[in-house]
Amino acid sequence: MTGNRSIAQTPAQAVVFLETLAGLVEKSPVAYSTDSAADLAAHIRGMAKAINTEANVNPGELTTTRQYAALEWHNEAVAVLFAAEHRPTFL
């Protein structure tokens with residue numbers, strides 16, 4: 001296959017991606033202390049806020065993008081949980 005297969009990114013997608021990343025960092029402080037994870041998450045949220053402010057993202061578009069993102073993460077989590085290598089852990 002040839003050609004450009006990239007998906008155009010919108011400011012709303014960037015904001016939601018950063019918000020989601022901040023949540024993951026905050027909930028999974030494996031590589032950082034709890035305080036460091038919270039600091040990093042706050043920094044990432046600050047980046048999301050700056051993008052939102054600079055781009056003047058439509059609140060309705062942002063809400064819809066957040067809803068789709070939540071659905072995507074939910075679907076991915078379910079797929080991982082029911083993958084063959086995870087099934088023995090449910091017994």
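Sequence positions are assigned chain by chain, starting from 1 and proceeding in written order. Local features in a predicted model are, by the rule used here, given only for residues with pLDDT of at least 70; side-chain atom pairs are given and counted only at 80 or more, and totals for whole chains, interfaces and linings are based on all residues. Side-chain calculation: all heavy atoms of the structure are included, whereas hydrogens and water are not.

(A) Expanded view of unusual backbone geometry. At Asn56, a position not held by glycine, the phi torsion is positive, near 50°. Note that Asn56 resides in the loop between helix H2 (34-55) and helix H3 (59-81). By relative accessible area, which is 66% here, Asn56 ends up exposed. Per the convention used, a helix needs a DSSP run of H or I reaching at least four residues, while a strand needs a run of E reaching at least two, with both numbered from the N terminus. Exposure is judged per residue with a 1.4 Å probe applied to protein chains only, and the accessible area is read against the type maximum: over 50% gives exposed, under 20% gives buried, and values in between give partly exposed.

(B) Representation of the nonpolar core in the model. Ranked by size, the top nonpolar core spans 13 residues in total, and within it Val25, Ile44 and Leu62 carry the most contacts. The greatest single-element share of this core, amounting to six residues, is contributed by helix H1 (residues 11-27). In contact with Val25, other than residues within four places in its own chain, are Ala37, Leu40, Ala41 and Ile44. Here, nonpolar core means buried Ala, Val, Leu, Ile, Met, Phe, Trp, Tyr and Cys residues that are tied together by side-chain atoms lying within 4.5 Å of each other. Working rule for contacts: check all heavy atoms of both residues, and any pair within 4.5 Å makes them a contact.

(C) How the structure looks around the packing of H1 against H2. Helix axes use the C-alpha atoms of the stretch in contact, all axes being lines fitted to C-alpha atoms, and the angles between their N-to-C directions lie in the range 0 to 180 degrees. The N-to-C vectors of H1 and H2 enclose an angle of 170°; their axes lie 8 Å apart at closest approach. By the angle class used here, H1 and H2 are roughly antiparallel. Together, Pro11, Ala14, Val15, Leu18, Glu19, Leu21, Ala22, Gly23, Val25 and Glu26 of H1 and Ala37, Leu40, Ala41, Ile44, Arg45, Met47, Ala48, Ile51, Asn52 and Ala55 of H2 make up the contact between the two elements. Among the residues making up the contact of H1 with H2, the classes are represented as 15 nonpolar, two polar and three charged. Any angle that falls under 35 degrees is termed roughly parallel, while one over 145 is termed roughly antiparallel, one within 65 to 115 roughly perpendicular, and all others oblique. Here the term charged refers only to Asp, Glu, Lys and Arg, the term nonpolar to Ala, Val, Leu, Ile, Met, Phe, Trp, Tyr, Cys and Pro, and the term polar to all other amino acids, Gly among them.

(D) Representation of the environment of Gln67 within the structure. With respect to the helices and strands, Gln67 occurs in helix H3. Residues Gln67 and Val16 lie 51 residues apart in sequence; the distance between their C-alpha atoms is 9.6 Å.

(E) Seen up close, H2. Compared with the 32 Å implied by 1.5 Å per residue over 22 residues, the 32 Å span of H2 between its first and last C-alpha is a close match. Within H2 the residues assigned to the buried category are Ala37, Ala41, Ile44 and Ala48. Along the long axis of H2, the arc covered by the buried residues comes to 65°, so they all point the same way. Along H2, the residues that are exposed and aim more than 90 degrees away from the buried face are Asp35, Asp39, His43, Lys49, Thr53 and Glu54. Against H1 lie the buried residues of H2. At the C-terminal side of H2, Asn56 shows a positive phi close to 50°. Each residue after the first adds 1.5 Å to the expected span of a helix. For this quantity, the arc is that covered by the directions from the helix axis to the C-beta atoms.

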